[in-house]
Amino acid sequence: MTTSAPNPWVLAARPATLSAAIGPVLIGAASAWRDNVFAFLPFVVVAFCALTIQVGVNYANDLADAQKGADTEARIGPQRAVASGVISATDMRRAIVIVFGLAGLGGLYLIWYAGWPIFVIGVVSILAALGYTNGPIPYGYYGLGEVFVFVFFGLVATAGTRYVFDPSVPVAVWTGGVVMGLLASAILEANNIRDMDTDEVAGKRTIAVVIGRHAARRLYAATVISAMVMIPFGAVVGWLPAMCLIAVVVSPLAIPLISTVNTETTGPPLIGVLKGTAQLQLFVGLLLALGIAF
């Protein structure tokens, strides 16, 4: 029996990383639910916009890394669409415009619903997404990827979601945003540790390339541990409801991820770390959302 090849557009969207867009939305929406300002349709549109922006980021990265020579046959990760030739650069450019256009359409509704600050958040988020590996100063090539991921996939995504429902953004939302931002950064760190050899050859100066493998492994561990420690700390000082402590139950999932990063250099185990970190972020986001809501 033969099986059909995976759809290249689905692969280029990098499904394993899309959970980074969901956790912040769940936390922001849960806070709105707790304060009785939640509305279902805006929640659906925010989730749609978050996912389309994430897909747009991944498509833009696929195109830019192929053009800059970061994705070669020596790369140990999954096949990249443009570099391998399964999607042309022209088609990928069209797809990027379409995906960000869809995010923009959703954004028009959110602007009507919540006001002009959503326009600012949306425009800045899309510019940041495109600037990661594109533009005159692609910050992902200068060791700033984790900083921008922390800000936009953590703080901005979480607080921005809550703002859609109500202009007030409680401290629990900001705290949850810190946790989501740290775990999103850890996803990128896992990716960069896996790709550091080919990135260095291509001149892509990620933090992993700049500080070296040993320090990059320590940074990944510190980022994941900091995210998990932030939960009980936030609950103790009153930044998070006590119920958010339920998120700590998934912290043992971080142990094999950190162990693998510290011992492996080959592709499949490190790909597993990336996927596992994304799953950890999704679980934490879901449990924090439940703790905040109830």
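If you're wondering where the values come from, they're calculated on a predicted model, not measured in any experiment.

K.L.:
So what's going on with the overall build of the protein chain? Which residues, and what values?
P.N.:
Looking only at helices and strands, the protein chain has 12 helices and 0 strands in total. Counting helices and strands in the order they occur from the N terminus, the protein chain gives α-α-α-α-α-α-α-α-α-α-α-α. For 294 residues, the compact-globule estimate of 2.2 N^0.38 gives 19 Å, and the protein chain sits close to it at 19 Å. With the C-alpha coordinates of the protein chain rotated into their principal frame, the extents come out at 50 × 50 × 40 Å. Pairs at least 24 residues apart make up 76% of the contacts formed inside the protein chain by residues separated by at least 6 positions. Carbon and sulfur atoms make up 71% of the accessible area of the protein chain, which amounts to about 12900 Å² in all.

K.L.:
I'd like a description of the confidence of the model for the protein chain, backed by residues and values.
P.N.:
Low-pLDDT portions of the prediction should not be read for the details of their coordinates. Averaged over all residues, the pLDDT of the protein chain equals 89, while 94% of them reach at least 70. The secondary-structure element of the protein chain with the lowest mean pLDDT is helix H4 (residues 81-84), recorded at 82, while helix H10 (residues 213-237) shows the highest, at 96.

K.L.:
An account of the packing of aromatic side chains is needed here, citing residue identities and associated values.
P.N.:
By the definition in use, this model includes 10 aromatic pairs. Seen from their ring centres, Phe 38 and Phe 165 are 5.5 Å apart, and the 25° between their planes marks the pair as stacked. Here Phe 38, found in the loop between helix H2 (19-34) and helix H3 (40-68), pairs with Phe 165, found in helix H7 (residues 145-165); they are 127 residues apart in sequence, far enough to count as distant. Relative accessible area serves as the criterion here: at 27%, Phe 38 is assigned to the partly exposed category. Both rings, one in Tyr 109 and one in Trp 112, keep their centres 5.8 Å apart while their planes meet at 35°; by these two values the pair is tilted. With Tyr 109 and Trp 112 both in helix H5 (residues 89-114) and 3 residues apart, this pair spans about one turn of that helix. Residue classification places Tyr 109 among the partly exposed residues on the basis of a relative accessible area of 23%. You can call Trp 112 exposed: its relative accessible area is 66%. Among the aromatic residues, those joined into a cluster by ring pairs are Trp 33, Phe 38, Phe 40, Phe 43 and Phe 165.

K.L.:
Report on the nonpolar core, specifying residues and quantitative values.
P.N.:
One recurring pattern in soluble globular proteins: nonpolar side chains tend to sit buried together. Val 179, Leu 183, Tyr 220, Ile 231, Leu 280, Val 284 and Leu 288 are the most contacted members of the largest nonpolar core, which totals 41 residues. Contributing elements (two or more residues each) for this core: H2, helix H8 (171-202), helix H9 (207-211), H10, helix H11 (254-263) and helix H12 (267-293). If you look at the next biggest cluster of nonpolar residues, it comprises 27 residues, including Ala 12, Ala 13, Ala 81 and Ala 128.

K.L.:
Please set out a nonpolar patch on the surface residue by residue, giving values where relevant.
P.N.:
Taken together, the side chains of Val 171, Ile 225, Val 229, Phe 233, Val 236, Val 237 and Trp 239 make up a nonpolar region of the molecular surface, amounting to roughly 640 Å² of accessible area. If one sorts the elements of the nonpolar patch by residue count, H10 sits on top with 5 residues. With respect to the helices and strands, Trp 239 occurs in the loop between H10 and H11. On the accessibility criterion, Trp 239 (35% relative accessible area) is partly exposed.

K.L.:
I'd like to hear about the environment of Gly 140, residue by residue, with values.
P.N.:
You can see Gly 140 is positioned in the loop between helix H6 (117-131) and H7. Among residues more than four places away in sequence, those in contact with Gly 140 are Tyr 132, Gly 145, Lys 204, Arg 205 and Thr 206.

K.L.:
Got a sec to walk through the side chain of Thr 277? Specific residues and values, please.
P.N.:
With respect to the helices, strands and loops of the structure, Thr 277 is situated in helix H12. Thr 277 gets classed as buried once you look at its relative accessible area, which sits at 0%. A polar side-chain atom of Thr 277 sits 2.6 Å from a polar atom in the side chain of Tyr 220. With sequence-adjacent residues up to four places away left out, Thr 277 is seen in contact with Leu 183, Ala 186, Ile 187, Tyr 220 and Leu 257.

K.L.:
Pulling in residues and values, what's your account of the packing of H8 against H10?
P.N.:
At a minimum axis separation of 9 Å, H8 and H10 run at an interaxial angle of 160°. As summarised for this structure, H8 and H10 are arranged roughly antiparallel, according to the angle between their axes. Our pair here, H8 against H10, has a crossing hand that is left-handed. Where H8 abuts H10, its residues Thr 175, Val 178, Val 179, Leu 182, Leu 183, Ser 185, Ala 186, Glu 189, Ala 190, Ile 193, Met 196 and Asp 197 lie against Arg 213, Ala 216, Arg 217, Leu 219, Tyr 220, Thr 223, Val 224, Ser 226, Ala 227, Met 230 and Ile 231. Broken down by class, the residue content of the contact of H8 with H10 amounts to 15 nonpolar, 4 polar and 4 charged.

Quick notes on the rules
Residues numbered from 1 in each chain as written. Predicted model: local features only at pLDDT ≥ 70, side-chain atom pairs only at ≥ 80, totals over all residues. Heavy atoms only, no water. Helix = DSSP H or I, 4+ residues; strand = E, 2+ residues; numbered from the N terminus. Rg over C-alpha atoms; globule rule 2.2 N^0.38 Å. Contact = heavy atoms within 4.5 Å. Areas by Shrake-Rupley, 256 points an atom, 1.4 Å probe, with all protein chains shown as cover. pLDDT = per-residue confidence, 0-100. Phe/Tyr/Trp six-rings, centres within 6.5 Å; stacked < 30°, edge-to-face > 60°. Buried < 20%, exposed > 50% of the residue type's maximum accessible area, 1.4 Å probe, protein only. Core = buried A, V, L, I, M, F, W, Y, C linked by side-chain atoms within 4.5 Å. Patch = residues over 30% accessible without salt bridge, like charges linked within 9 Å, V, L, I, M, F, W, Y side chains within 5 Å. Salt bridge = Lys/Arg side-chain N within 4 Å of Asp/Glu carboxyl O. Polar contact = N/O pair within 3.5 Å; in protein donor to acceptor, adjacent residues only side chain to side chain. Axes fitted to C-alpha atoms, helices over the stretch in contact; angles between N-to-C directions. Parallel < 35°, antiparallel > 145°, perpendicular 65-115°, else oblique. Left-handed = near helix turned anticlockwise from the far one by under 90°. Nonpolar A, V, L, I, M, F, W, Y, C, P; charged D, E, K, R; others polar.

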